[in-house]
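One-letter residues, chain by chain:
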Amino acid sequence: MLKKFLITSFLITIFSINSHAAGTDDGSSKVKSDYDKAVSLIKQAKKYEKKGKNEKANKRYEKAQKLLVISNKKKPLQANTLNYLGFTTRKLGDYENGEKYYLLGLEIDPNHKGINEYLGELYVVTNRIDLAKERLNVLANCNCEEYGELKEIIDGTKQSKY
């Protein structure tokens, strides 16, 4: 009886090691979320823009935007998702809907640095400097690069990349 038990235990151990080595998922591999894929695409798009390859950049922004919409459906009302939805929408030339995403994001997180900076830039581009200054005031005490970026854009010492 003991012999059968030891043999059975040995075989179970051997088979579990082999199946593990054959590529079973041990939980350490991580599937990228739609949000993470979108952020990756946005980073690629920004690189293409710097090289002047705007058509390739826009394709990445479009793909990212679609993934962000899916992400927002799965996990609604996440400030970071709404920030990037606003960003991609604005990058694709739809300032009105980009602004809506930003404002919705600010309802969730009024001090979100990215949203305040990007919304401020949108306000500068659409000639609403007073509203851009309001966004700058929100960032005034954050000691962050977003404040400096927006301030330079409002002051006209730097042109918005977006």
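Below you will find a few notes about this structure. All values derive from a computational prediction rather than experimental measurement. (Residues numbered from 1 in each chain as written. Predicted model: local features only at pLDDT ≥ 70, side-chain atom pairs only at ≥ 80, totals over all residues. Heavy atoms only, no water.)

1. Some remarks on the nonpolar core
The tendency in soluble globular proteins is for nonpolar side chains to be buried side by side. Ranked by internal contacts, the top residues of the largest apolar core, which has 30 residues, are Ile42, Tyr61, Leu68, Phe87, Tyr102, Leu119 and Ile154. Listed by contribution, the elements that provide at least two residues to this core are α2 (34–50), α3 (54–74), α4 (79–91), α5 (95–108), α6 (113–125), α7 (129–139) and α8 (145–155). Here the element with the most residues in this core is α6; it accounts for six residues. (Core = buried A, V, L, I, M, F, W, Y, C linked by side-chain atoms within 4.5 Å. Buried < 20%, exposed > 50% of the residue type's maximum accessible area, 1.4 Å probe, protein only. Helix = DSSP H or I, 4+ residues; strand = E, 2+ residues; numbered from the N terminus.)

2. Quick look at the pattern of salt bridges
Going through the model one piece at a time under the given rule, you end up with seven salt bridges. Where glutamate 49 meets lysine 91, a salt bridge forms, and the shortest distance between an N and an O atom there is 2.6 Å. Highlighted residues: glutamate 49 in helix α2 and lysine 91 in helix α4, separated in sequence by 42 residues. Between lysine 100 and glutamate 96 there is a salt bridge whose closest N-O contact spans 3.8 Å. Taken together, the residues lysine 100 and glutamate 96, both in helix α5 and four residues apart, mark about one turn of the helix. (Salt bridge = Lys/Arg side-chain N within 4 Å of Asp/Glu carboxyl O.)

3. Description of α6
Over its 13 residues, α6 runs 18 Å from end to end, which matches the ideal 18 Å to within 8%, given 1.5 Å per residue. For α6, the buried fraction is high: 11 of the 13 residues fall into the buried class. Restricting attention to buried positions, one finds in α6 the residues Gly114, Ile115, Asn116, Glu117, Tyr118, Leu119, Gly120, Glu121, Leu122, Tyr123 and Val124. Where α6 is buried, its residues contact α2, α4, α5, α7 and α8. Two residues or fewer after α6 comes asparagine 127, characterised by a positive phi angle close to 60°. (Expected span 1.5 Å × (residues − 1). Contact = heavy atoms within 4.5 Å.)

4. Here's the deal with the environment of tyrosine 102
Here tyrosine 102 is to be found in helix α5. Judged by its relative accessible area of 0%, tyrosine 102 falls in the buried class. Sequence separation of tyrosine 102 and tyrosine 84 is 18 residues, and the distance between their C-alpha atoms is 8.6 Å. With near-sequence residues (within four places) excluded, tyrosine 102 lies in contact with Asn83, Gly86, Phe87, Arg90, Ile115, Tyr118, Leu119 and Leu122. For tyrosine 102, the side chain forms a polar contact with the main-chain nitrogen of phenylalanine 87, separated by 3.2 Å. (Polar contact = N/O pair within 3.5 Å; in protein donor to acceptor, adjacent residues only side chain to side chain.)

5. Digging into the layout of surface pockets
Estimated volume of the second largest pocket: approximately 200 Å³. Along its surface, the second largest pocket is lined by Ser33, Asp34, Tyr35, Ser71, Lys74, Lys75, Gln78, Asn80 and Thr81. Where the lining of the second largest pocket is concerned, the elements lending two or more residues are α2, α3 and α4. The class makeup of the residues in the lining of the second largest pocket is one nonpolar, five polar and three charged. (1 Å grid on protein atoms, 1.4 Å probe; cavity = no way out; pocket = protein on both sides within 12 Å on 5 of 7 lines; lining within 4 Å. Points joined across faces, edges and corners; volume = space filled by probe spheres on them. Nonpolar A, V, L, I, M, F, W, Y, C, P; charged D, E, K, R; others polar.)

6. So, a nonpolar patch on the surface
Together, Leu77, Leu104 and Ile108 make up an exposed nonpolar region whose accessible area comes to about 230 Å². The topology assignment puts isoleucine 108 in helix α5. Note on isoleucine 108: relative accessible area 38%, which makes it partly exposed. (Patch = residues over 30% accessible without salt bridge, like charges linked within 9 Å, V, L, I, M, F, W, Y side chains within 5 Å. Areas by Shrake-Rupley, 256 points an atom, 1.4 Å probe, with all protein chains shown as cover.)

7. A word on the packing of aromatic side chains
The tally for this structure, following the rule as stated, stands at four aromatic pairs. An angle of 70° between the planes, with centres 5.9 Å apart, marks the rings of tyrosine 61 and phenylalanine 87 as edge-to-face. Of this pair, tyrosine 61 sits in helix α3 while phenylalanine 87 sits in helix α4, and the two are 26 residues apart along the sequence. Like tyrosine 61, the residue phenylalanine 87 is buried in the burial classification. Between the aromatic rings of phenylalanine 87 and tyrosine 118, the centroid separation amounts to 4.8 Å while the plane-to-plane angle is 35°, which identifies the pairing as tilted. Taken together, the positions of phenylalanine 87 in helix α4 and tyrosine 118 in helix α6 put the pair 31 residues apart, joining distant regions of the chain. (Phe/Tyr/Trp six-rings, centres within 6.5 Å; stacked < 30°, edge-to-face > 60°.)

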